[in-house]
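Structural features, examined
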Amino acid sequence: MVVQLFPLWAVLLSCCAYLFPDLFVSFKSNIVPLLMVIMLSMGLTLQLDDFRKVLTNRKAVVVGVILQFLVMPISAYGIANIFGFSLELVIGMLLVGSVAGGTASNVMCYLAKGDVALSVSMTAISTLIGVVLTPLLVSAFIGQSVNVPTYSMFISLLKIVLVPVAVGVLVNTFANQLVRRVEGLLPYVSMFTIVFIIAIVVALSADKLSTIGFSVALAVILHNSLGLILGYWVTFTLGFDQKVCRTIAFEVGLQNSGLASALAIKYFTPISALPGSLFSIWHNISGSLLAGYWSRRKEDLRKV
C-alpha cells in the first residue's frame, strides 16, 4: 500500500519543497549518489538469466527498444517546440525522452497482467543501450544550439547506471539468498529515494514554478500519453498479443525520469530538471490508472 501511494508521497513532499525550499536545496550534490542507490536497487532485482530471456522474444524486444528511443525523444522535442519552451526546458524534455524505461514499468506491467519477464528484460536492455544513446540523442537534437557534453554524459551514465546495475546483478546472481532477505525493502528504498530527488529539484526550481509549472505539467502529460498510446497501438498493429502490447506500452511510456533529472542538474540547470520531476509523479499516476483498467479486462489471446 505504501508503494502504491507513491504519487501521493511525491506530491506531498514536492509541496513541502515548494513552500520550504531551503530545507532541500542543500542536498543538490546528493542527487547523483541517490540515483545510484535506485539503480543498485534495480540491479538487485535482476539476474543474468533475465538478460538471457531476451532471446525468447527477440522480435518484441527489438520493436520495443526501437519505439522507446524513437517515439519518446521525437515527441519530446516536438511537444517542447509546440509549447514554445525555453532552451532549458527543451533540454529537460529531451532528457526525459532520451533515457531508458523506468523500473515503474515492471510494476505496472505486473498489475496489468502483462509479460513481466519481457518487461524486466526490456528495462535491462534499454538501460544498457541508453548509456550510449541518451547523450547521443540529446546532442543530435540540440547540439547545434548548445554545448552538449556528450562524452562527459556518457562517462556519467557508466558510473550512475551501468556500474550500480552491474553490481546489483552480480550480487543477486551469486548471493541470491542474501538479497532475498532484503528484497522486500527494495521497493521502499527506490520510492523514498526518487521522492526525495523530486523534492530537491522542486526546491531548486521553486521560484519559477508558479510561472511555468502548469505548461510543463501539461507537456509532460501529453508526452507520457503519446508514449503509452503509440507503444500499444504500434505493437497491436504489428500483430502482437495483448500481454506484449501492454508490456511495450508501459516500457515506452514510463521513463527513467529520475535519471533525466539527475543529468539535467549535473550538466544543465535546475529548470531543465523540472520536466523529469513532474514526469516522475505523473507517469506513476497514469500507469496505475491504466494498469487498473487493463487488469479488469480479458486478454486477447491472438499471437504473433
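Residues numbered from 1 in each chain as written. Predicted model: local features only at pLDDT ≥ 70, side-chain atom pairs only at ≥ 80, totals over all residues. Heavy atoms only, no water.

Focus: the overall build of the protein
The helix and strand inventory of the protein stands at 14 helices and zero strands. Tracing the protein from N to C terminus, the helices and strands come up as α-α-α-α-α-α-α-α-α-α-α-α-α-α. Against the compact-globule benchmark of 19 Å for 304 residues, the protein has a radius of gyration of 18 Å, which places it among compact chains. Its C-alpha atoms give the protein principal-axis dimensions of about 50 × 45 × 40 Å. Out of the 304 residues in the protein, the part that is buried amounts to 52%. Summarising the internal contacts of the protein: among those between residues at least 6 apart in sequence, 85% fall at separations of at least 24. Here the protein holds 18 positive side-chain charges and 11 negative ones, and the gap between their average locations is 5 Å. (Helix = DSSP H or I, 4+ residues; strand = E, 2+ residues; numbered from the N terminus. Rg over C-alpha atoms; globule rule 2.2 N^0.38 Å. Buried < 20%, exposed > 50% of the residue type's maximum accessible area, 1.4 Å probe, protein only. Contact = heavy atoms within 4.5 Å. Lys, Arg positive; Asp, Glu negative; His and termini not counted. Charge placed at Lys NZ, Arg CZ, Asp CG, Glu CD.)

A word on the environment of Ile-197
One can find Ile-197 in helix α10 (residues 186-204). Measuring from C-alpha to C-alpha, the distance between Ile-197 and Val-32 comes to 9.1 Å, with 165 residues separating the pair along the chain. Filtering out sequence-adjacent residues up to four positions away, Ile-197 remains in contact with Ile-31, Leu-34, Leu-35 and Ile-38.

Thoughts on the packing of aromatic side chains
For the structure on display, the rule yields seven aromatic pairs. Ring geometry for Phe-83 versus Phe-85: centroids 5.5 Å apart, planes at 35°, classification tilted. For Phe-85, a relative accessible area of 13% gives the class buried. Here the aromatic cluster, defined as three or more aromatic residues joined through ring pairs, consists of Tyr-232, Phe-236, Phe-250 and Trp-294. The lysine or arginine in question, Lys-59, covers the ring of Phe-240, its NZ or CZ lying 5.4 Å from the ring centre. (Phe/Tyr/Trp six-rings, centres within 6.5 Å; stacked < 30°, edge-to-face > 60°. Lys NZ or Arg CZ within 6 Å of the ring centre and 35° of its normal.)

Side note on empty space enclosed by the protein
Counted by the stated rule, this structure contains one cavity of 30 Å³ or more. Roughly 50 Å³ of volume is contained in the largest cavity. Lining the largest cavity are Met-39, Ala-100, Thr-127, Gly-130, Val-131, Thr-134, Leu-157, Val-161, Asn-256 and Leu-259. Breaking the lining of the largest cavity down by element, the ones donating at least two residues are α7 (116-142) and α8 (150-174). (1 Å grid on protein atoms, 1.4 Å probe; cavity = no way out; pocket = protein on both sides within 12 Å on 5 of 7 lines; lining within 4 Å. Points joined across faces, edges and corners; volume = space filled by probe spheres on them.)

Digging into the layout of surface pockets
With a probe scaled to a water molecule rolled over the atoms, the places where space remains empty come into view. Roughly 290 Å³ of internal volume is contained in the second largest pocket. Lining the second largest pocket we find Val-11, Ser-14, Cys-15, Val-202, Leu-209, Gly-213, Ala-217, Val-220, Ile-221, Leu-278, Ile-281 and Trp-282. Here the element with the most residues in the lining of the second largest pocket is helix α11 (residues 206-237); it accounts for five residues. Tallied by class, residues from the lining of the second largest pocket come to 10 nonpolar, two polar and no charged. (Nonpolar A, V, L, I, M, F, W, Y, C, P; charged D, E, K, R; others polar.)

Regarding the state of the cysteines
Applying the stated rule across the entire model yields zero disulfides. No disulfide involves Cys-109; its sulfur sits 12 Å from that of Cys-245, the nearest cysteine. (Disulfide = S-S within 2.5 Å.)

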